[in-house]
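Residue-level listing of the chains:
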Amino acid sequence: PPRLSSNADWKRIAMPLLTFVARVNDGMLLVASMEHTLMGQSDGQETLDVYKSQAKQIFKRLNPRSVAKMSIDSGSYTFHYMIQLGICYLTLCDKGYPKRLAFLYLEEIHNEFVN
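Below, the structure is looked at part by part. Keep in mind that what you see is a predicted model, and the values were worked out from it rather than measured. (Residues numbered from 1 in each chain as written. Predicted model: local features only at pLDDT ≥ 70, side-chain atom pairs only at ≥ 80, totals over all residues. Heavy atoms only, no water.)

## Structural notes on the sheet that holds strand 4 (residues 77–84)
1) Next: Pairing is antiparallel across the open sheet formed by 5 strands, whose spatial order is 2-1-5-4-3. Edge positions in the sheet fall to strand 2 (29–34) and strand 3 (69–74), since each of these pairs with one other strand and no more. Sheet twist, expressed as the average angle between the axes of neighbouring strands with direction ignored, equals 15 degrees.
2) Next: Examined bridge by bridge, strand 4 and strand 5 (residues 87–94) share 8 bridges and lie antiparallel to one another. (Pairing = 2+ DSSP bridges. Helix = DSSP H or I, 4+ residues; strand = E, 2+ residues; numbered from the N terminus. Axes fitted to C-alpha atoms, helices over the stretch in contact; angles between N-to-C directions.)

## Here's the deal with the side chain of Ser-74
1) Next: Relative to the elements of secondary structure, Ser-74 occurs in strand 3.
2) Next: Apart from residues no more than four positions distant in its own chain, Ser-74 is found in contact with Tyr-51, Gln-54 and Phe-79. (Contact = heavy atoms within 4.5 Å.)

## Looking at the packing of aromatic side chains
1) Next: For the structure on display, the rule yields 4 aromatic pairs.
2) Next: Ring geometry for Tyr-51 versus Tyr-77: centroids 5.2 Å apart, planes at 75 degrees, classification edge-to-face. Placement of Tyr-51 in helix 2 (residues 44–61) and of Tyr-77 in strand 4 is noted, with a sequence separation of 26 residues between them. Pair check on accessibility: Tyr-51 and Tyr-77 agree, each one buried.
3) Next: Taken together, a centroid distance of 6.0 Å and an interplanar angle of 80 degrees make the contact between Tyr-89 and Phe-113 edge-to-face. Of this pair, Tyr-89 sits in strand 5 while Phe-113 is found in helix 3 (residues 99–114), placing the two residues 24 residues apart along the sequence. (Phe/Tyr/Trp six-rings, centres within 6.5 Å; stacked < 30°, edge-to-face > 60°. Buried < 20%, exposed > 50% of the residue type's maximum accessible area, 1.4 Å probe, protein only.)

The structure is reproduced here in structure tokens:
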């Protein structure tokens, strides 16, 4: 695969489908951003609702001792999350989306969130 030379380069690759920010201690959703439908799926809105529900379940299971970074496969997609300073940043990407880029994206969301 081509090597990306800057953070701006990875933005040209297909972006994550869902991005949520929530508090770890109570799962309170602070920010949500999502595509209207999942690409290439005729039942895209229904499928998106399923993944939104799965994301909320992930938040409910987190606690202050949870692993700080994790990827969770779910069908054709993968959830990636990162916990920093008691806040969880979670995104849903196509299974082929590089983990490194998903975590760079979450780092950028964290930096924008706290600054």
